[in-house]
Amino acid sequence: MAKWTESRPDEDFSRVLAPDGTLSGEAPVDEATALRMYETMKLSRRYDEKMLSLQRRGEISILSRSWGEEAIPVGSAAALEAGDWCFPTYRQTPSKLYWGGPLDRAVAGLMGHEPETIEEHLPLDKADEPAVNFSPIYIPLAANVTNAVGSAMADKFEDEDTVTLSYIGDGSTSQGDFYEALNFAGVFDAPAVTICHNNQWAISVPSHRQTAADTFAQKAEAAGMPHERVDGNDVFAVYAATQRAVERARSGEGPTLLECVTYRVDDHNTADDAGAYRDDSEQAFWAERDPVDRLEAYLRSEDALDDEAIESIEADADERVEDAVDRARDVPEDDPERIFDNHLQSESWNERHQREELRAEQRGENPFTDFTGDGL
Ligand SMILES: Cc1ncc(C[n+]2csc(CCOP(=O)(O)OP(=O)(O)O)c2C)c(N)n1
Ligand SMILES: [Mg+2]
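Remember, predicted model here, so these are calculated numbers, not experimental data.

Participant: Just checking my understanding: could you explain the site of ligand 1 for this structure?
Facilitator: The immediate surroundings of ligand 1 are formed by 15 residues, with Tyr90, Arg91, Ile139, Ser172 and Trp201 found nearest. Here a nitrogen atom of ligand 1 sits 2.9 Å away from a polar atom, N or O, in the main chain of isoleucine 139. Within the side chain of aspartate 170, an N or O atom sits 3.0 Å from an oxygen atom of ligand 1. Compared with its free state, where it exposes 590 Å², ligand 1 has 72% of that area covered by protein. Residue classes in the shell around ligand 1 are distributed as 7 nonpolar, 6 polar and 2 charged.

Participant: Quick question: what am I supposed to make of helix 4 (residues 103-111) here?
Facilitator: Within the sequence span of helix 4, burial applies to Leu103, Asp104, Val107, Ala108 and Met111. Seen along its axis, helix 4 keeps its buried residues to an arc of 135°; they face one direction. Buried residues along helix 4 sit in contact with helix 1 (31-56), helix 3 (93-98), helix 5 (118-121) and helix 11 (307-329). Taken from the residues just after helix 4, glycine 112 is the one with a positive phi, measuring 75°.

Participant: Where do I start with the packing of helix 6 (residues 143-157) against helix 7 (residues 176-187) in this structure?
Facilitator: Pairs of packed helices are described in terms of their axes, by the angle between the two and the distance that separates them. As a packed pair, helix 6 and helix 7 sit with axes 7 Å apart at the nearest point and diverge in direction by 20°. One element, helix 6, and the other, helix 7, form an angle in the roughly parallel class. In terms of crossing hand, the pair formed by helix 6 and helix 7 is left-handed. Contacts between helix 6 and helix 7 involve Ala143, Val145, Thr146, Val149 and Met153 from the former and Asp177, Ala181, Leu182, Phe184 and Ala185 from the latter.

Participant: Quick question: what am I supposed to make of the sheet that holds strand 8 (residues 256-261) here?
Facilitator: Strand pairing in a sheet is mediated by backbone hydrogen bonds. Such pairs are either parallel or antiparallel. The parallel open sheet is built from 6 strands, whose spatial order is 2-1-3-4-8-7. Single-partner strands in this sheet number two, and they are strand 2 (133-134) and strand 7 (227-231). Both strand 3 (residues 164-169) and strand 4 (residues 192-198) contribute to a ladder of 6 bridges, which runs parallel. When the bridges of strand 4 are listed, leucine 165 appears paired with valine 193.

Participant: Got a minute to help me understand the coordination of the magnesium ion (ligand 2) in this structure?
Facilitator: For a metal with four tetrahedral donors the ideal donor-metal-donor angle is 109.5 degrees, while six octahedral donors give ideal angles of 90 or 180 degrees. Those protein atoms acting as donors to the magnesium ion (ligand 2) are Asp170 (OD), Asn199 (OD1) and Trp201 (O), and they sit at 2.1 to 2.2 Å. Each donor residue of the magnesium ion (ligand 2) belongs to the same chain, with the gaps between them written as D-x28-N-x1-W. Residue aspartate 170 is found in the loop between strand 3 and helix 7, and its partner tryptophan 201 is found in strand 5 (residues 201-202); the two are separated by 31 residues along the sequence. For the pair aspartate 170 and tryptophan 201, one class covers both residues: buried.

Participant: What is the right way to read the side chain of arginine 278 from this model?
Facilitator: Along the chain, the position of arginine 278 falls in the loop between strand 8 and helix 9 (281-287). Of the side chains bearing the opposite charge, glutamate 282 lies closest to the buried arginine 278, which forms no salt bridge; the N-O distance is 4.7 Å. A distance of 3.4 Å separates polar atoms of two side chains, one belonging to arginine 278 and the other to tyrosine 263. Discounting residues that sit within four places of it in the chain, arginine 278 has contacts with Trp201, Tyr263, Arg264, Val265, Asp266 and Gln283.

Participant: When you look at the pattern of salt bridges in this model, what are you seeing that I'm missing?
Facilitator: For the coordinates displayed, the defined rule picks out 31 salt bridges. Glutamate 228 is the salt-bridge partner of arginine 244, the closest N and O atoms lying 2.8 Å from each other. Residue arginine 244 is located in helix 8 (residues 235-250), and its partner glutamate 228 is located in strand 7; the two are separated by 16 residues in the primary sequence. The shortest N-O distance in the salt bridge between aspartate 307 and arginine 300 comes to 2.8 Å. A relative accessible area of 33% means that arginine 300 is categorised as partly exposed. Among the charged side chains, a network of salt bridges with common partners joins Arg46, Glu49, Lys50, Asp318 and Glu322.

Scoring rules and cut-offs
Residues numbered from 1 in each chain as written. Chains lettered and ligands numbered in written order. Predicted model: local features only at pLDDT ≥ 70, side-chain atom pairs only at ≥ 80, totals over all residues. Heavy atoms only, no water. Near = heavy atom within 4 Å. Polar contact = N/O pair within 3.5 Å; in protein donor to acceptor, adjacent residues only side chain to side chain. Areas by Shrake-Rupley, 256 points an atom, 1.4 Å probe, with all protein chains shown as cover. Nonpolar A, V, L, I, M, F, W, Y, C, P; charged D, E, K, R; others polar. Buried < 20%, exposed > 50% of the residue type's maximum accessible area, 1.4 Å probe, protein only. Helix = DSSP H or I, 4+ residues; strand = E, 2+ residues; numbered from the N terminus. Arc of directions from axis to C-beta. Contact = heavy atoms within 4.5 Å. Axes fitted to C-alpha atoms, helices over the stretch in contact; angles between N-to-C directions. Parallel < 35°, antiparallel > 145°, perpendicular 65-115°, else oblique. Left-handed = near helix turned anticlockwise from the far one by under 90°. Pairing = 2+ DSSP bridges. Donors = N, O, S within 2.8 Å, 3.2 Å for Na, K, Ca; no water. Lys, Arg positive; Asp, Glu negative; His and termini not counted. Salt bridge = Lys/Arg side-chain N within 4 Å of Asp/Glu carboxyl O.

Here's what the structure looks like:
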């Protein structure tokens, strides 16, 4: 893979909206859908902004944001239908926001306020549940793709007419799980769409140090499945490519891998400082390709948005996020030991060791020096 500076991604992928918002051909969605995409992206920005301020104040311990990458989760989620499945990582919260996922529960999750009584504190009306089924957010890289392919196969065996979408970061394509999942999906024609969210960095590792392949899309070749490379900052292009892949999957033609090219404008997470390992000049290049500005420019050119409408969308997003934070704060804190629940049928040696370390820490001991694990 060439260095990003040598392969400025303004060619070699499908694009519908130019960076200045100019449309090529026909818009792949109607105006109402385009507005819903825009509103979701604005909501996600407000959410990300607020969560960062909560993290800085110590209300949230760690956070990864979707800033600048929203067109991928939003455009792809918009191509799903009610009853479909989605397996996101920490980078695709906007997928769920597009389908009306409850903000208060998302905030409560980040705060560690997630008791088994969540239903009691943040009741969710059946009617308000997202029509697309979302798995919890995956932190172990690539595990969501194997599980998504399994879920797609389960639906296929049941003759369900559903499609399963999962996401994988550029760095996570180096995981064995990714290749195993793709291979299996290819052999058994799983109705599974996998989106490589190529933001060109895996923490401090640039994509050209991640793979010697020219593209991430071509990794589908070995699994015998179709693949496409898409401008990941163009929400219409992401939608159109996902739509093609979803249609193939739904009509029994099997899986697809899409590579959506974007850029992680943010630090990897709040424990990271990207300034320590990359050049600030990259930011300027990508600022001109911002996905929200691009869709906004298009909608303005269609007279579907003006200053007043934008102000009202921003005010609404602000109110929804503030309200969600207030409600999430009212949920009691979870017992830290719950992090060990629901992993394996019976506790492993590793888990027992980690649980004892945590208990040592809670007793005020230093788990690294005072706790030996002897006798476990
Ligand atoms: C199996 C596994 N190994 C390592 C990690 C630690 N880790 C978390 S995020 C990350 C980088 C992932 O980069 P990429 O796949 O490009 O996704 P991005 O964060 O850029 O969206 C690593 C190494 C993990 N969560 N899971
Ligand atoms: Mg990445």
